[in-house]
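Residues per chain are reported as follows:
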Amino acid sequence: MLPQPWYLYLIECADGSIYTGITVDVEARYTAHLNGAGARYTRSHPPARLLGSVKGRVSGQATVANRETAIRRQPDALRSFAVEPMAVRRI
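Predicted model only: the values in this text are computed from it and were never measured.

Asker: Teacher, can you tell me more about the overall build of the protein here?
Answerer: A count of helical and extended segments in the protein gives 4 helices and 3 strands. Burial status across the protein gives 35% buried among its 91 residues. Sequence separation of 24 or more characterises 63% of the internal contacts of the protein that already satisfy a separation of 6 or more. When the accessible surface of the protein is split by element, carbon and sulfur atoms take 53% of a total near 5,700 Å².

Asker: When you look at helix H1 (residues 26-34) in this model, what are you seeing that I'm missing?
Answerer: The periodicity of an α-helix, 3.6 residues per turn, causes residues three or four positions apart to be oriented the same way. For H1, the set of buried residues is Val-26, Tyr-30, Ala-32 and His-33. Considered in projection along H1, the buried side chains sweep an arc of 155 degrees and stay on one side of the axis. At the N-terminal end of H1, a side-chain oxygen is found 3.4 Å from the backbone nitrogen of Glu-27, two or three residues along, and the residue is Asp-25. Of the residues trailing H1, Gly-36 is marked for its positive phi of about 80 degrees.

Asker: Before we go on, may I ask you to explain the nonpolar core in this structure?
Answerer: The biggest cluster of nonpolar side chains holds 7 residues, and these are Tyr-9, Ile-11, Cys-13, Tyr-19, Val-26, Tyr-30 and Ala-39. Top contributing element to this core by residue count: strand S1 (residues 7-13), with 3 residues. Judged by nonpolar contacts, the second largest core, of 5 residues, contains Leu-8, Val-54, Val-64 and Ile-71.

Asker: Mind showing me how you'd approach the sheet that holds strand S2 (residues 18-23) here?
Answerer: Across a sheet, strands are paired by hydrogen bonds formed along the backbone, either parallel or antiparallel in direction. Read from one edge to the other, the open sheet built from 3 strands follows the order S2-S1-S3, with strand pairing classed as antiparallel. For this open sheet the edge positions go to S2 and strand S3 (47-55), each flanked by a neighbour on one side alone. Going from strand to strand, the sheet's axes swing by 25 degrees on average, the running direction of each strand aside. As judged from the 6 bridges shared by S1 and S2, these two strands associate in the antiparallel manner. Paired with Glu-12 across the two strands is Ile-18, which belongs to S2. In the packing of helix H3 (residues 61-72) onto the sheet, the strands contacted are S1 and S2, and the crossing angle to S2 comes to about 175 degrees.

Asker: I'm lost on the packing of aromatic side chains in this one. Help?
Answerer: Centre distance and the angle of the planes are the two values used to describe a pair of aromatic rings. Under the definition given, this model contains 2 aromatic pairs. Between the aromatic rings of Tyr-9 and Tyr-19, the centroid separation amounts to 6.2 Å while the plane-to-plane angle is 50 degrees, which identifies the pairing as tilted. Here Tyr-9 is found in strand S1, whereas its partner Tyr-19 is found in strand S2, with 10 residues between them in sequence. Given a relative accessible area of 1%, Tyr-9 falls into the buried group. Take Tyr-19: its relative accessible area is 11%, and that puts it in the buried class. Feature note: the residues Tyr-9, Tyr-19 and Tyr-41 constitute an aromatic cluster, connected by ring pairs.

Scoring rules and cut-offs
- Residues numbered from 1 in each chain as written.
- Predicted model: local features only at pLDDT ≥ 70, side-chain atom pairs only at ≥ 80, totals over all residues.
- Heavy atoms only, no water.
- Helix = DSSP H or I, 4+ residues; strand = E, 2+ residues; numbered from the N terminus.
- Buried < 20%, exposed > 50% of the residue type's maximum accessible area, 1.4 Å probe, protein only.
- Contact = heavy atoms within 4.5 Å.
- Areas by Shrake-Rupley, 256 points an atom, 1.4 Å probe, with all protein chains shown as cover.
- Arc of directions from axis to C-beta.
- Polar contact = N/O pair within 3.5 Å; in protein donor to acceptor, adjacent residues only side chain to side chain.
- Core = buried A, V, L, I, M, F, W, Y, C linked by side-chain atoms within 4.5 Å.
- Pairing = 2+ DSSP bridges.
- Axes fitted to C-alpha atoms, helices over the stretch in contact; angles between N-to-C directions.
- Phe/Tyr/Trp six-rings, centres within 6.5 Å; stacked < 30°, edge-to-face > 60°.

Encoded structure:
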């Protein structure tokens, strides 16, 4: 059985902030955020929309988690620029 790929995703919250996360199932995780069962941050900052996601080049969680950490260190204004290249650039 092949390991599942990990995805990096960004959510724009109702207050305009951007949440960054990783998962193996973007749809299920986004639904969890919408239902208040996701991360503590999105429970207090409800999601407005899914900005985008990108599949990691390798199936390992560590590579995707490292990219998530790098994006989280950026101000929200810069995080939003990470969304457009996500469609074509892989981690």
